[in-house]
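Breakdown of the fold
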Amino acid sequence: MNFLLVLEWLIKGFVWALVLLGGFAYLTLYERKALARMQSRIGPNRAGPWGILQPIADAVKLIFKEELTPAKADKLIFTLAPVITVVPAVIITAVVPWGPSLDIFGYHLNLYIADINVGVLYIMSIASIAVYGIVLAGWSSNNKYAMMGGLRSTAQMISYEIALGLSFVSAILLAGSMRMLDIVSAQAGYWFHIIPKWFVVLQPVGTAIFLIATLAEVNRAPFDMPEAEQELTAGYHTEYSGMKFALLFMAEYTKMIAISAIGATLFFGGFNGPFVDQLPWLGPVYIFVKIILLLFGMIWVRATFPRIRYDRLMAFGWKVLLPLSLALVFITALGIILAQLNPRFVIFIPLASLLVAGVAVAMIDRTLRRKDYARR
Amino acid sequence: MRVVEPVVELARGLWTTLRMMFDKPVTIQYPEQKKPVKARFRGRHVLKRYENGLEKCIGCALCAAACPADAIFVESSENTDEQRYSPGDRYASTYEINMLRCIFCGFCEDACPTEAIVLGDQYELSFTDRRQSIYPKEMLIEPVPADGKPTPQKTKVGEFTRSVPAMKDPQD
């Protein structure tokens, strides 16, 4: 084992973890500012110029808060649950490449932490671990609201993980590999010199399913059932305070960043962009911009749509997203076979997907318009 | 069979929130910017003076009697021509309002026969100590007008015998 290689890994891992944690802090500010502007407010602007020191003020407040542990809580698991929630959120993006290789001072630097040949599988497995933290937090609190929140969260995350995984499958099929670098390089180039070869163009419906499923996966509005304030006070983190609460909060926002990075890599071309071949340092810039835009999408959706009812959430996951994403996998596979006959037939994938999505929308619309459904 | 409309409806919702981003925020940066209060705003009480500097309050305690929250405490003393605070026989030697009790109903204003107590436009009434909630007369009384003298004044005998000023127009 080369010592320099180990050092490089350590530094890259450390830097990426710091980027995620600092990003989490500033994501809270970003969200508060964007939400405020959408609600005709200004948002935090007192701590520092334009409120840029607000995350630090929040952190200091949370650190100095009293940490309470409920008397009848399972102390070990209660303490461990925030950690179990945070760790997957931080390590999940280890396989996401933020740029091509870079030569700095004659040293060849790869701008990714780990290059696993089953990168997508790694993401799926780590995303599943995050569920444990939440359900354990809910259970160990010995509080019925927390318990309900944890259970809801688990059910929701398991249900939407299937649709999420199947939307990953279409990206894997299109790239022909599970390696993140292969997926990114499969999205390089342009059609007709203008349309980027991103998978969002080839598989728009798959991307839409990915975006919807990730909203449910990271418990964001309009799928923030686990922390439906009106019903469950705060859901699984009702009994948490101080730094333990901050960890759960951090996990939630870090997961947002992680899922945006994964989405940007799988469907929006990763670090691809104009001139990235000539200037490799543009790669991290492009993926950063894409992550910011995807995060804005999440905030935007939160500001717009009301929370949907829990039974409808589950019905949407199982009865709409699962069949639709299965159909998309089938269409993608069929399109790839057709493209082997004639490369132009690749247009079959987006057209057939949009057709299937149209059928799904029409069927949802018909169901929601039935009178007996509204009464239920 | 509606395919496009449901999606368009969702997009319209998103468009509404995005458009609002470019609206002017309604926020007022409070300690730096202040909105003027409305004409009939009921803020902190002010004890008024006549133009010559004499206090309007005659210590009758009708305000204290009218107060539903029992927030006002009045103690009156005798005026003399040597030491005159207000027209008539008596003046309020102690006038205290407990701002924790006051509900800003304005009944004291209505009860006052000399229009001495008025709910002004001051609304920044925060304090850090419970004892500071009691506003004494020195805090409530308005400053002496430019052409008046501070109380107590030395006045001519028989000049200020009426506590309540005579009405100019009895129809009023």
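Given the structure is predicted, the values throughout are model-derived calculations rather than measurements.

What chain B contains, in helices and strands, is 4 helices and 5 strands. Helices and strands in chain B line up, N terminus first, as α-β-α-β-β-α-β-β-α. Taken against the 2.2 N^0.38 rule, which gives 16 Å for 172 residues, the C-alpha radius of gyration of chain B at 25 Å runs more than 25% over that of a compact globule. Considered along the principal axes of its C-alpha atoms, chain B spans approximately 95 × 45 × 30 Å. Buried residues in chain B amount to 18% of all 172 residues.

What chain A contains, in helices and strands, is 14 helices and 4 strands. Against the 2.2 N^0.38 benchmark of 21 Å for 376 residues, chain A shows a C-alpha radius of gyration of 22 Å, consistent with a compact globule. On the principal axes, the C-alpha backbone points of chain A span a range of 65 × 65 × 45 Å. For chain A, buried positions account for 42% of its 376 residues. Of all intrachain contacts in chain A linking residues separated by at least 6 positions in sequence, the fraction that spans at least 24 positions is 76%.

A few words on the pairing of strand β3 (residues 90–98) of chain B. Residue and element names in this part refer to chain B. Both strand β2 (residues 72–78) and β3 contribute to a ladder of 7 bridges, which runs antiparallel. Paired with Glu78 across the strands is Arg90, a residue of β3. Pairing geometry for β3 and strand β5 (residues 134–135), over 2 bridges, is antiparallel. Each residue of the ladder has a partner; that of Asn98, found in β5, is Ile134.

This part is about helix α11 (residues 282–304) of chain A. With 23 residues, α11 of chain A should cover 33 Å at 1.5 Å per step; its first-to-last C-alpha distance of 33 Å lies within 8% of that length. Looking at α11 of chain A, one finds that the buried residues are Gly283, Tyr286, Ile287, Lys290, Ile291, Leu294, Leu295, Met298, Ile299, Val301 and Ala303 of chain A. The inward-facing, buried residues of α11 of chain A abut α1 (3–38), α8 (204–217) and α10 (242–267) of chain A together with α1 (4–20) of chain B.

What follows covers unusual backbone geometry. If you check the backbone angles, Asn142 of chain A has positive phi at about 55 degrees while not being a glycine. As for its position among the elements, Asn142 of chain A is in the loop between α4 (119–140) and α5 (144–175). By the C-beta count within 10 Å, which is 15 here, Asn142 of chain A ends up partly exposed. Phi at Asp70 of chain B takes a positive value of approximately 55 degrees, unusual for a residue other than glycine. By the element assignment, Asp70 of chain B lies in the loop between α2 (62–66) and β2. With 11 C-beta atoms packed within 10 Å, Asp70 of chain B lands in the exposed category.

Listed as interface residues are 13 residues of chain A and, on the opposing side, 15 residues of chain B. Of all elements in the fold, only α1, α11 and α13 (348–369) of chain A reach the threshold of two or more residues within the side of chain A that touches chain B. Of the residues assigned to the side of chain A that touches chain B, the class counts are 7 nonpolar, 3 polar and 3 charged.

Residues and elements named next belong to chain B. With respect to the secondary-structure elements, Ile97 resides in strand β3. As a C-alpha pair, Ile97 and Ala64 span 33 residues in sequence and 9.2 Å in three-dimensional space. With residues near it in sequence (within four places) discarded, Ile97 still touches His45, Ala71, Ile72, Cys102, Tyr135 and Leu140.

This next bit is on the sheet that holds β3 of chain B. The strand order across the open sheet formed by 3 strands is β2-β3-β5 (chain B), and the pairing between neighbours is antiparallel. Since the sheet does not close on itself, it has two edges, and those belong to β2 and β5 of chain B, each with one partner.

Quick look at helix α3 (residues 75–91) of chain A now. Residues and elements named next belong to chain A. Over its 17 residues, α3 extends 25 Å from the first C-alpha to the last, a length consistent with the 24 Å expected when each residue adds 1.5 Å. In α3, a bend of some 25 degrees at Ala81 exceeds every other bend along the element, and Pro82, a proline, comes one to four places later. Packed against the buried residues of α3 are α1, α4 and α10.

All names here are of chain A. At a minimum axis separation of 7 Å, α8 and α13 run at an interaxial angle of 50 degrees. Put simply, α8 runs oblique to α13. Contact with α8, carried on its side by Pro204, Val205 and Gly206, involves Pro350, Ser353, Leu354, Val356 and Ala357 of α13 and no other residues of that element.

The next thing to look at is the nonpolar core. Ala171, Ala213 and Ile257 of chain A are the most contacted members of the largest nonpolar core, which has 98 residues in total. Once residues lying within four places of it in the same chain are set aside, the contact partners of Ala213 of chain A are Tyr160, Ala163, Leu164, Ser167 and Leu321 of chain A. Grouped together as the second largest cluster of nonpolar side chains are 21 residues, Cys60, Cys63, Val74 and Ile141 of chain B included.

Here we come to the packing of α1 of chain A against helix α2 (residues 54–63) of chain A. All names here are of chain A. With their axes 9 Å apart at the nearest point, α1 and α2 run at an angle of 110 degrees to one another. Classified by the angle their axes make, α1 and α2 are roughly perpendicular. Once α1 is placed against α2, the crossing between them reads as right-handed. In this structure, α1 contributes Ala25, Tyr26, Thr28 and Leu29 to the contact, and α2 contributes Gln54, Pro55, Asp58 and Ala59. For the contact of α1 with α2, the per-class residue count stands at 5 nonpolar, 2 polar and 1 charged.

With 96% of its residues at a pLDDT of 70 or more, chain A shows a mean pLDDT of 83. At the level of individual helices and strands, chain A shows its lowest average pLDDT in helix α14 (residues 371–375) of chain A, which scores 64, and its highest in α8 of chain A, which scores 88.

What counts, and where the lines are drawn
Sequence positions are assigned chain by chain, starting from 1 and proceeding in written order. Here chains are named by letter from A upward and ligands by number from 1 upward, in the order in which they appear as written. Local features in a predicted model are, by the rule used here, given only for residues with pLDDT of at least 70; side-chain atom pairs are given and counted only at 80 or more, and totals for whole chains, interfaces and linings are based on all residues. Counting from the N terminus, the helices are the DSSP runs of H or I reaching at least four residues and the strands are the DSSP runs of E reaching at least two. Each radius of gyration reported is based on C-alpha atoms, and the globular scaling rule is 2.2 Å times the count of residues to the power 0.38. In this scheme every C-beta is placed from the backbone, and a residue whose C-beta has 20 or more other C-beta atoms within 10 Å is buried, one with 12 or fewer is exposed, and one in between is partly exposed. Note on contacts: residues are paired as contacts if their backbone-placed C-beta atoms lie within 7 Å. Only when DSSP finds a minimum of two bridges between them are two strands counted as paired. By this rule, a helix spans an expected 1.5 Å times one less than how many residues it contains. Residue polarity follows a fixed list, in which Ala, Val, Leu, Ile, Met, Phe, Trp, Tyr, Cys and Pro are nonpolar, Asp, Glu, Lys and Arg are charged, and the others, Gly among them, are polar. Across the chain, bend at a residue is computed as the angle between axes fitted to the seven residues ending at that point and the seven starting from it. In this description, a line fitted to the C-alpha atoms serves as the axis of each element, helices being fitted only across the stretch in contact, and the angle between N-to-C directions of two axes falls anywhere from 0 to 180 degrees. The scheme is simple: roughly parallel for angles under 35 degrees, roughly antiparallel for over 145, roughly perpendicular for 65 to 115, oblique for anything else. By definition, a nonpolar core groups buried Ala, Val, Leu, Ile, Met, Phe, Trp, Tyr and Cys residues that are joined through C-beta atoms within 7 Å. Should the near helix be turned counterclockwise from the far one by less than a right angle, the crossing is left-handed, whereas a clockwise turn marks it as right-handed. Values of pLDDT, the confidence the predictor places in each residue, fall between 0 and 100.

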